Amino acid sequence: MCEIEHLRNTREVFRTNLNLHVGAKRRFTVEAISDATGIGCDAIRRHLRGETTPDLGNLLAYMAVLPASFASAILAPAGLGGVIKMDESEADGAHMLSRMLATGWWSRITWP
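Residues numbered from 1 in each chain as written. Predicted model: local features only at pLDDT ≥ 70, side-chain atom pairs only at ≥ 80, totals over all residues. Heavy atoms only, no water.

Chemist: What should I look at first to understand the packing of aromatic side chains in this one?
Modeler: For any pair of aromatic rings, the description rests on two quantities: the centre-to-centre distance and the angle between the ring planes. For the coordinates displayed, the defined rule picks out three aromatic pairs. For the pair phenylalanine 14 and phenylalanine 70, a centre-to-centre distance of 5.8 Å together with 75° between the ring planes defines the contact as edge-to-face. With phenylalanine 14 in helix H1 (residues 4-21) and phenylalanine 70 in helix H5 (residues 68-75), this residue pair connects regions lying 56 residues apart in the sequence. Each member of the pair, phenylalanine 14 together with phenylalanine 70, is buried. Each member of the aromatic cluster is reached from another via a ring pair, and the members are Phe14, Tyr62 and Phe70. (Phe/Tyr/Trp six-rings, centres within 6.5 Å; stacked < 30°, edge-to-face > 60°. Helix = DSSP H or I, 4+ residues; strand = E, 2+ residues; numbered from the N terminus. Buried < 20%, exposed > 50% of the residue type's maximum accessible area, 1.4 Å probe, protein only.)

Shown next, in the form of structure tokens:
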């Protein structure tokens, strides 16, 4: 069972990172994100204020449109990171492994 404090922290991490990318004087307007993701403008504004968090489908839509740094920041509290954007031709395990090896990402992993 999730504790209430953990849920608040998760909501705050999401709100803070969404606000880095979306809104007035940001790279993306609310309307542009709505058009790109299919998420309603009112829902996006609630997410920006931290009133609600998106469901999994909407979270993935945000991650698909926003820079990889957004996804990395959202996943960081779970101990995950290093997200990279892939195009459709790379969205399989072999392409991902090849890219990881080519960029040196693999060598930065700390193994237990």
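Chemist: Is there a simple way to think about helix H3 (residues 41-49) in this case?
Modeler: Owing to its 3.6 residues per turn, the α-helix aligns residues three or four sequence positions apart on the same side. Among the residues of H3, those classed as buried are Ala43, Ile44, His47 and Leu48. Viewed along the axis of H3, the buried residues span an arc of 140°, placing them on a single side of the element. Among the residues trailing H3, glycine 50 stands out with phi positive, at a value near 80°. (Arc of directions from axis to C-beta.)

Chemist: Where do I start with the confidence of the model for the protein in this structure?
Modeler: Mean pLDDT over the protein works out to 82, with 71% of the residues at or above the 70 mark. When the elements of the protein are averaged for pLDDT, helix H6 (residues 93-103) gives the smallest value, 64, and H3 the largest, 97. (pLDDT = per-residue confidence, 0-100.)

Chemist: Before we go on, may I ask you to explain the layout of surface pockets in this structure?
Modeler: Of the volumes computed, that of the largest pocket is approximately 320 Å³. What lines the largest pocket is a set of 13 residues, and nearest its centre among them are Thr10, Leu59, Ile74, Leu75 and Pro77. Mapped onto the lining of the largest pocket, the elements with two or more residues apiece are H1, helix H4 (56-65) and H5. With five residues, H1 is the largest single contributor of residues to the lining of the largest pocket. When the residues that make up the lining of the largest pocket are grouped by side-chain class, the tally is nine nonpolar, four polar and no charged. (1 Å grid on protein atoms, 1.4 Å probe; cavity = no way out; pocket = protein on both sides within 12 Å on 5 of 7 lines; lining within 4 Å. Points joined across faces, edges and corners; volume = space filled by probe spheres on them. Nonpolar A, V, L, I, M, F, W, Y, C, P; charged D, E, K, R; others polar.)

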